[in-house]
Amino acid sequence: MRNPLCFFASRFPGEGPAFLARHRACCLRCQAAAARERSLRRALPGLADEVLVAPPGLQSGVLCRLGEQDAADPRRPLVVRAAARYAAAAGLVLATGLAFAAGLARRQSRALG
Amino acid sequence: MTPGEVQRAEEEVLDRARNGDREAFGDLVERYQDTVYTLAVRLVGPDLAADVAQEALLRAWRALPRFRGEAAFGTWLHRITVNTAWTLRKRARRHAVQPLEGDFEDGGLRPERAGELAEMRAGLGRALCALTPGQRAVVVLRDVYGWSNAETARELGITEVTAKVRLHRARLRLRTLLEGSR
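Residues numbered from 1 in each chain as written. Chains lettered and ligands numbered in written order. Predicted model: local features only at pLDDT ≥ 70, side-chain atom pairs only at ≥ 80, totals over all residues.

K.L.:
Please explain the nonpolar core as it appears in this structure.
P.N.:
Where a protein is soluble and globular, its nonpolar side chains tend to be buried together. Val 36, Tyr 37, Ala 40, Val 52, Ala 53 and Leu 57 of chain B are the most contacted members of the largest nonpolar core, which totals 51 residues. Contributing elements (two or more residues each) for this core: helix H4 (58-64) of chain A together with helix H2 (22-44), helix H3 (46-63), helix H4 (73-87), helix H6 (111-129), helix H7 (133-144), helix H8 (149-156) and helix H9 (160-181) of chain B. In terms of residues, this core owes the most to one element, H2 of chain B, which gives 11 residues. Counting only domains with at least three residues in this core, you end up with domain 1 (1-95) and domain 2 (108-182) of chain B. Setting aside residues no more than four positions away along its own chain, Tyr 37 of chain B makes contact with Leu 52, Ala 54 and Leu 58 of chain A together with Ala 49, Ala 50 and Ala 53 of chain B. (Core = buried A, V, L, I, M, F, W, Y, C linked by C-beta atoms within 7 Å. Buried ≥ 20, exposed ≤ 12 C-beta atoms within 10 Å, placed from the backbone. Helix = DSSP H or I, 4+ residues; strand = E, 2+ residues; numbered from the N terminus. Domains from an automatic or database assignment. Contact = placed C-beta atoms within 7 Å.)

K.L.:
Could you clarify how one ought to interpret the domain arrangement of chain B in this entry?
P.N.:
All names here are of chain B. Considered domain by domain, chain B is made up of domain 1 (1-95) and domain 2 (108-182). The interface is formed by 10 residues belonging to domain 1 together with 10 residues belonging to domain 2. When residues of the side of domain 1 that touches domain 2 are traced back to their parent elements, those giving at least two are H2, H4 and helix H5 (89-94). Considering each element in turn, the side of domain 1 that touches domain 2 owes the most residues, four residues, to H4. Its residues assigned to classes, the side of domain 1 that touches domain 2 comprises four nonpolar, two polar and four charged. (Nonpolar A, V, L, I, M, F, W, Y, C, P; charged D, E, K, R; others polar.)

K.L.:
Would you explain the interface of chain B and chain A in this entry?
P.N.:
Quoted interface sizes are often the accessible area lost when the parts come together. Across the boundary between the two partners, chain B contributes 47 residues, which contact 37 residues of chain A. For the side of chain B that touches chain A, the elements supplying multiple residues, two or more each, are H2, H3, H4, strand S1 (104-105), H6, H7 and H9 of chain B. Residues belonging to the side of chain B that touches chain A are distributed by class as follows: 22 nonpolar, 12 polar and 13 charged.

K.L.:
Hey, could you run me through the environment of Pro 45 of chain A in this one?
P.N.:
With respect to the element layout, Pro 45 of chain A can be found in the loop between helix H3 (28-43) and strand S1 (51-52). We classify Pro 45 of chain A as exposed; it has 12 C-beta atoms within 10 Å. Those residues in contact with Pro 45 of chain A that lie beyond four places of it in its chain are Asp 143, Val 144 and Gly 146 of chain B.

K.L.:
What is the right way to look at H3 of chain B in this model?
P.N.:
Counting along an α-helix, one turn takes 3.6 residues, and residues three or four places apart therefore face a common direction. Between the first and last C-alpha of H3 of chain B there are 26 Å, a value that for 18 residues agrees with the 26 Å anticipated at 1.5 Å per step. Taking burial as the measure, the 18 residues of H3 of chain B include 13 buried ones, the bulk of the element. (Expected span 1.5 Å × (residues − 1).)

See below:
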C-alpha cells in the first residue's frame, strides 16, 4: 500500500511543510517521482520549438474575410465573460444573504408575536 | 539581412498594416500563421485549430490600430490566439481527446535522435490532448511557452492561484499518462 507521506509529498509542489521535505530527502519513491517531474518539465519546452505547418487555405481565408479595422479590443469577450461570471456570483451571494436575513426576521417576528 | 534590418523591415510592414494596408497584413499572416496555428493546435487540438487561428488573425487585423508595440508583435498575436481559443473552449471541449496528427518539422537532427525525439514529443502531445482544456491551456502556456503565472492567469481570465493549482494537477496527470503509456 502507498505510504500516505508519499501521497502528500506528490500533492504539495515545492518544499512544502518541513516533515514532507524530510520525507522526500530519504524516500526513494518520492525522489524517483521528482526526477520524473523534472524530466517532464525539461521535455515540455521542447514542444515550443516545433512549428506545425498551417493548412494551405488559412492565409487566403483570412485575407478574404478582412473587414474594416475598428481597433476593437481583442480581449473584450473574455473580459465581458469574466465580469458576467463575477456579477452572477455576487448576485447569488446577495440572494442567499437576503433569503437568510428574511428567514431570521420571520423567525424573530414569530417569536415576538 | 542583419537581425536589426529584419526588425526594421517588420516594423515597416507593421506600420503599413496598422494603417489599413491589407497586402502588408498578408505578409504578416504569411510570417506568423504557422506559429499561431501551432499554438492553436496545442490549446484546442487539430480539428478546431484552423478556425481558432483564422479568427485570431482576423481579430488581430481589426485590433491592429491598438497595437502600440509595447510587446513584440508575435507575443501580442499569441495573446490574441490564447484568448480566441479560450473563447471557443466550449467547442474545444467537444474535441478534447484528439491525437495530434500534424506534420512536425524537425530540422537537422540525426535520424536515430530525431526518431527518439519525435516519439517522445508525440507521446507528450497525446498526453496533453488527454488533459481538460483548462489544464492543457495552463500547461501549454507555462511549461511549453514559458509564460509567467501572472500572464497565464491574466490571459485565461483566472486567478493566479487557480492557474497554479491547475498547473500542478496537469503535471501530475501528465506524469500518470506518460507512465501509463510506457
